Amino acid sequence: MRICIFGAGAIGGYLAAELALAGEDVTVIARGPHLAAIRERGLTLLIGDERKVARVAATSDPAEAGVQDSVVVTLKAHSLPAVADQLTPLFGPETSVVTAMNGVPWWYFERLPGPWEGHRIRAVDPDGRIAAAIRPERVIGCVVYPACEVVEPGVVRHVEGNRFQLGEIDGSRTARVQELSRAMGAAGLKAPVRPRIRDDIWLKLWGNAGFNPISALTHGTLEEIATDPATRPIVRALMVEVQTVAEALGAKLAVDVDTRIQWAQDVGAHKTSMLQDLERGRPMEIDPLVTAVQEMARLVGVATPTLDVVLGLVRQRARTAGCLAG
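The structure presented is a predicted model; accordingly, all values stated were derived computationally and were not measured. (Residues numbered from 1 in each chain as written. Predicted model: local features only at pLDDT ≥ 70, side-chain atom pairs only at ≥ 80, totals over all residues. Heavy atoms only, no water.)

### What about the environment of Leu180?
Applicable threshold: Runs of E in the DSSP output that reach at least two residues are strands. Runs of H or I that reach at least four are helices, and both are numbered from the N terminus. We call two residues contacting when some pair of their heavy atoms lies within 4.5 Å.
Within the fold, Leu180 resides in helix H6 (residues 175–186). C-alpha separation for the pair Leu180 and Pro81, spaced 99 residues apart in sequence, amounts to 25 Å. Leu180 has contacts with Met1, Ile3, Ser70, Val98, Ile140 and Leu166, leaving out every residue within four places of it along the chain.

What follows is the structure, encoded as structure tokens:
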């Protein structure tokens, strides 16, 4: 397969390296020192005590990469509207676009039977630029579970996990999603094809929407937030509201809220992605993780008083720290 990783940072770099080492034809879209290092020395992946080096095509110009079988988008969701039209040179008639990003995806209501089919979520696609550039028939949903980090330009360290859940947005088992699943499996990744990818998105989002903003406000780790008697009730109340929104939209969550909180607690002294971005002065994923849930709650008439308060506070925190996207 010709596979392009658009945004080859931590997760994208990990995915690109493993696929390339398994024999796939991989191109990465990157920029700056990271791009220069990949071109000069290859893409280095550190896993435990092992050091792997993958030689991949690397460019900052999608037109240079040419038409791909699959484009895997591993950007932060709030970065996509500004660059969505840059993906189009990668598209041929059969090119799929895999959305390997956290949060509510812009395509959530596409091909979803019911009263909101086709509804645009303004929190993640405010001007409709993503939807205009990427037609829904191209999309394959993806939920990302590995944790990785870029430790220096061209070098990605794998921290934990190798699971990427895949699913067509209409739930069908197409040849293309099965082919991608096989390619990722051959690269040592777990990539099951899921029949209800939106349920899987909610299951991860459930924890992200609860823990990420609280961590940015308190600087607490997952374990600290889940065990502190002052913060656990807040995160639990917030997550109950998120669950109510998900279920009002027809999603089915596989576990109860206390089990989901326990999963986060079991991760231990881990800083959420939102807290890491805050500490590094980067824009935080507030809109795809929290604002979009509030927007969807308004759509289905669900009250979210805890989420509303937390969202207001974390947006103010981002504003004062200069970490507000957009």
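Still more to cover.
### A few points about the packing of helix H9 (residues 232–248) against helix H13 (residues 305–321)
Applied cut-off: To get an axis, fit a line to the C-alpha atoms, keeping to the stretch in contact for a helix; angles then go from 0 to 180 degrees between the N-to-C directions. By the definition used in this description, the sense in which the near helix is turned from the far one sets the handedness, with an anticlockwise turn below a right angle giving left-handed and a clockwise turn giving right-handed. Ten residues, namely Ala, Val, Leu, Ile, Met, Phe, Trp, Tyr, Cys and Pro, are considered nonpolar, four, namely Asp, Glu, Lys and Arg, are considered charged, and the remaining ones, Gly among them, are considered polar.
Remark: H9 packs on H13, axes separated minimally by 8 Å, with the N-to-C direction vectors making an angle of 115°. Between H9 and H13 the crossing geometry is left-handed. Between H9, through Ile234, Ala237, Leu238, Glu241 and Val242, and H13, the contact on the second element is made entirely by Pro305, Thr306, Leu307 and Val310. Residue composition of the contact of H9 with H13, by class: seven nonpolar, one polar and one charged.

### Some details on the nonpolar core
Put simply, the test is: We define the nonpolar core as a collection of buried residues of types Ala, Val, Leu, Ile, Met, Phe, Trp, Tyr and Cys that are connected through side-chain atoms lying within 4.5 Å of one another. Working definition: with a 1.4 Å probe on protein chains only, accessible area under 20% of the residue-type maximum means buried, over 50% means exposed, and in between means partly exposed.
Counting 73 residues, the largest nonpolar core has Leu80 and Trp202 as its most contacted members. For Trp202, the contacting residues outside a window of four places in its chain are Tyr108, Val242, Val245, Ala246, Leu249, Ala251, Leu253, Val293 and Met296. With 38 residues, the next largest nonpolar core counts Ala16, Val28, Val98 and Ala100 among its residues.

### Side note on the state of the cysteines
A disulfide bridge is the covalent bond that connects two cysteines by way of their sulfur atoms. Stated formally: Disulfides are defined as pairs of cysteine sulfur atoms found within 2.5 Å of each other.
On inspection of all chains with the given rule, the structure shows zero disulfides. For the unlinked cysteine Cys142, the closest cysteine sulfur is that of Cys148, found at 13 Å.

### Describing the sheet that holds strand S9 (residues 147–152)
The condition is simple: Between any two strands, pairing holds if DSSP finds at least two bridges.
Sheet architecture is open: four strands sit in the order S4-S3-S10-S9, paired in mixed fashion. Two strands bound the open sheet, and with one partner strand each, they are strand S4 (50–54) and S9. In this sheet, neighbouring strand axes are inclined to one another by 25° on average, regardless of whether the strands run parallel or antiparallel. In the sheet, S9 pairs with strand S10 (residues 155–160) via five bridges, with the strands oriented antiparallel. Within S10, the position partnered with Glu149 by the bridge is Arg157.

### Things to note about the environment of Gly48
Within the element layout of this structure, Gly48 appears in the loop between strand S3 (43–47) and S4. Gly48 sits 47 residues away from Met1 along the chain, and the two C-alpha atoms are 28 Å apart.

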